[in-house]
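Coordinate analysis (summary)
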Amino acid sequence: MNVAGDAPEEARVTFTGFFHDSGRQLTRLAYLLVGNLGDAEDVTQDVLEELYRRWADVRPDTAMAYARTAVVNRSRSLLRRRAVARRFAPRLAPPEQAGPAPIEDGWLWELVQTLPRRQREVVVLRYWCDLGEVEIARVLSVSAGTVKSSAHRAHARLAAALEEHNSTVTEDQKGAR
């Protein structure tokens, strides 16, 4: 990204610092939401480019919240476009393989990917970005109650799958003896 535009020197330095401090974190957030590193990098680049153009209007203390919200919204748009393409485009090739799972248990990561969009966003923002309910509500433009109920439903779904996985593993271990 070229940060040497017409912006005043202090804005360039402030944005450059923000870019270096937050770019990787925003890319990881996008990756956790879209499941593909290339798409995540594109989402992040678009957000940072837009943020740079509007940097004079953005307060540095709210820049990260603004960027997170933009990443979530652009990720939603990308996922919607993917869903439409899958529905209407002929199957020419197998789907792209996502990068390595960001957590050790790949099966759990796959399960998180199957959660409904809002539940997946809440889980990623809560447990990866370590945001509280109020911050998540702001990023997703929903009420704190919606965040709570989405987190509860996601937790119940993941807990049931974990219990099922553990019982399958235990039965497999018994059968191997």
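Residues numbered from 1 in each chain as written. Predicted model: local features only at pLDDT ≥ 70, side-chain atom pairs only at ≥ 80, totals over all residues. Heavy atoms only, no water.

This brings us to the pattern of salt bridges. With the rule as written, the count across this model stands at eight salt bridges. With a shortest N-O distance of 2.4 Å, arginine 74 and glutamate 50 are connected by a salt bridge. Taken together, the residues span a long stretch of sequence, with arginine 74 in helix α3 (residues 63-88) and glutamate 50 in helix α2 (residues 37-53) at a distance of 24 residues. What makes arginine 74 partly exposed here is its relative accessible area of 31%. A relative accessible area of 22% means that glutamate 50 is categorised as partly exposed. For arginine 76, the salt bridge is made with glutamate 121, and the minimal N-O distance between the two is 3.0 Å. Of the two residues, arginine 76 sits in helix α3 while glutamate 121 sits in helix α5 (residues 117-128), which places them 45 residues apart along the sequence. Residue class for glutamate 121 comes out buried when judged on its relative accessible area of 3%. (Salt bridge = Lys/Arg side-chain N within 4 Å of Asp/Glu carboxyl O. Helix = DSSP H or I, 4+ residues; strand = E, 2+ residues; numbered from the N terminus. Buried < 20%, exposed > 50% of the residue type's maximum accessible area, 1.4 Å probe, protein only.)

With that settled, consider the environment of phenylalanine 18. Residue placement: phenylalanine 18 occurs in helix α1 (residues 9-34). Separated by 42 residues in sequence, phenylalanine 18 and proline 60 place their C-alpha atoms 8.3 Å apart. Once residues within four sequence positions are removed from consideration, phenylalanine 18 is found in contact with Gly23, Leu48, Leu51, Trp55, Ala63, Met64 and Ala67. (Contact = heavy atoms within 4.5 Å.)

Right, let's talk about α5 for a bit. Its twelve residues place the ends of α5 16 Å apart at the C-alpha level, agreeing with the 16 Å of an ideal helix rising 1.5 Å per residue. Aspartate 130 lies just past α5 and shows a positive phi near 60 degrees. (Expected span 1.5 Å × (residues − 1).)

Inspection of every chain in the model, using the stated rule, returns five aromatic pairs. Geometrically, the ring pair formed by phenylalanine 15 and tryptophan 55 is edge-to-face, given 5.2 Å between the ring centres and 80 degrees between the ring planes. Of the two residues, phenylalanine 15 is situated in helix α1 and tryptophan 55 in the loop between α2 and α3; the sequence distance between them amounts to 40 residues. When sorted by exposure, phenylalanine 15 lands in the same class as tryptophan 55, which is buried. Measuring from ring centre to ring centre gives 5.5 Å for phenylalanine 18 and tryptophan 55, while their planes differ by 45 degrees; the resulting arrangement is tilted. (Phe/Tyr/Trp six-rings, centres within 6.5 Å; stacked < 30°, edge-to-face > 60°.)

Turning our attention to the environment of alanine 161. Position of alanine 161 among the secondary structure elements: in helix α7 (residues 144-175). Separated by 54 residues in the primary sequence, alanine 161 and tryptophan 107 have C-alpha atoms spaced 9.9 Å apart. In contact with alanine 161, other than residues within four places in its own chain, are Trp107 and Leu111.

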